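Close look at the chain arrangement
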Amino acid sequence: MELSLSAKNAVVCGSSQGIGKAVAVELARLGARVTLVARNEQALQQVVKELQPLAAHDYLVADFTRPEELRERVQPYAAAHGPVHILVNNTGGPPSGTIVDAQVEAFVEAFRQHVICNHVLVQAFVPGMKAERYGRIINIVSTSVKQPIRNLGVSNTTRWAVAGWAKTLATELAPFGITVNNILPGATKTERLFSLFEARARQSGKTPEEIAAEWMAEIPAGRFGEPSEIAAAAAFLASPAASYINGINLPVDGGRLGCL
């Protein structure tokens, strides 16, 4: 089974911490040259130093709340750095809250950060993928694509939009040797997860530890996921071995989802 990513260029978004960082580490380990993307330059510089083997890894500072600024930075990058073979779209989720109480601007902002920024990146990098006859677009989304998560109204809505965009894109790009797939992480040990516990605790009067125990009780595996486990799934989808897997939603959730 061919898993090597030698001579492949990868762009990994949201890679200064959490799942994005773990994906960058795994792709680098398989031989890819990785470009990190996030808004914290100091954190990006530190992650570059951690990528192994030490190669020509680099980073791009971008704020996903400003799609036009992102476009202005990635288009020159794409022209100057050669083809990008692997694009991992990943950014932080919207704040928690019920959908009925959500402000209209919250939906607009979430759509801008996820769907629009994903699209900006795809338009910048797909021409190179087509020329190389090799492309892997991997979106880190959420299990809410299959089963909405309580009290994440804006997030649930936006994740479904990303999934619909990705499925449409997968059909259009398949003839060019490009696959588009979504990874749906379950409860994973990241700052995002623990911030959700804190928010739920404030709303319910329970402690964050009690909220965490309730979530864990719903997971057949009996534990939360590690970022490296999400990264392993992303690395496989990025590899030559996954060339005939296209347009899917892949849950990595310890069995928590109640649907197929």
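See the structure above.
As a starting point, this report considers the structure included with it. Within any chain, residue numbers begin from 1 and follow the written order of that chain's sequence. Predicted model: local features are reported for residues with pLDDT of at least 70 only, side-chain atom pairs are reported and counted for 80 or more only, and whole-chain, interface and lining totals are derived from all residues. Remark: hydrogens and water are excluded; side-chain values derive from all non-hydrogen atoms of the structure.

Within this scheme a cavity is a closed region of a 1 Å grid, computed over the protein atoms alone, that accommodates a 1.4 Å probe without allowing it to escape, whereas a pocket is open but has protein on both sides within 12 Å along at least five of seven lines; lining residues each have an atom within 4 Å of a point. Grid points are joined across faces, edges and corners, and a volume is the space filled by probe spheres set on the points. Considered as a void within the structure, the largest pocket measures approximately 960 Å³ in volume. In terms of lining residues, the largest pocket is bounded by 38 residues, among which Asn90, Thr91, Gly92, Gly93 and Arg192 are the most central. Helix numbers and strand numbers start at the N terminus; a helix is a DSSP run of H or I with at least 4 residues, a strand a run of E with at least 2. Those elements that provide at least two residues to the lining of the largest pocket are helix 1 (18-29), strand 2 (33-38), helix 5 (153-173) and helix 6 (191-204). When residues in the lining of the largest pocket are grouped by element, the largest group, 4 residues, is from helix 6. For this scheme, ten residues count as nonpolar: Ala, Val, Leu, Ile, Met, Phe, Trp, Tyr, Cys and Pro. Four count as charged, namely Asp, Glu, Lys and Arg, and the remainder, Gly too, count as polar. Its residues placed into classes, the lining of the largest pocket shows 14 nonpolar, 18 polar and 6 charged.

Tallied over the full model, the rule gives 2 cavities of 30 Å³ or more. By volume, the largest cavity amounts to about 70 Å³. Every residue along the wall of the largest cavity is listed here: Phe64, Asn89, Asn90, Thr91, His114, Asn118, Ile140, Val141, Arg159 and Val162. At the level of elements, helix 4 (104-132) and helix 5 are the ones that each hand at least two residues to the lining of the largest cavity. Together, Asn9, Ala10, Arg33, Thr35, Tyr77, His81, Gly82, Pro83 and Val84 line the second largest cavity. Contributing elements (two or more residues each) for the lining of the second largest cavity: strand 1 (9-13), strand 2 and helix 3 (67-81). A class-by-class count of the residues in the lining of the second largest cavity yields 4 nonpolar, 4 polar and 1 charged.

With that out of the way, let us pick up helix 1. In this model, helix 1 (12 residues) spans 17 Å end to end at C-alpha, consistent with the 16 Å of a helix rising 1.5 Å per residue. Looking at helix 1, one finds that the buried residues are Ile19, Gly20, Ala22, Val23, Ala24, Glu26, Leu27 and Ala28. The contact criterion used is simple: two residues touch if any of their non-hydrogen atoms lie within 4.5 Å. Buried residues belonging to helix 1 abut strand 1, strand 2, strand 4 (86-89), strand 5 (135-140), strand 6 (178-185) and helix 8 (227-238). After helix 1 finishes, the residue Gly31 shows a positive phi value of roughly 110 degrees. Helices are assigned an expected span. That span is 1.5 Å times one less than the residue count. Only protein chains enter the accessibility calculation, which uses a 1.4 Å probe; a residue is then buried when its area is under 20% of its type maximum, exposed when over 50%, and partly exposed in between.

So far we have only geometry, and geometry alone does not tell us how the molecule works.
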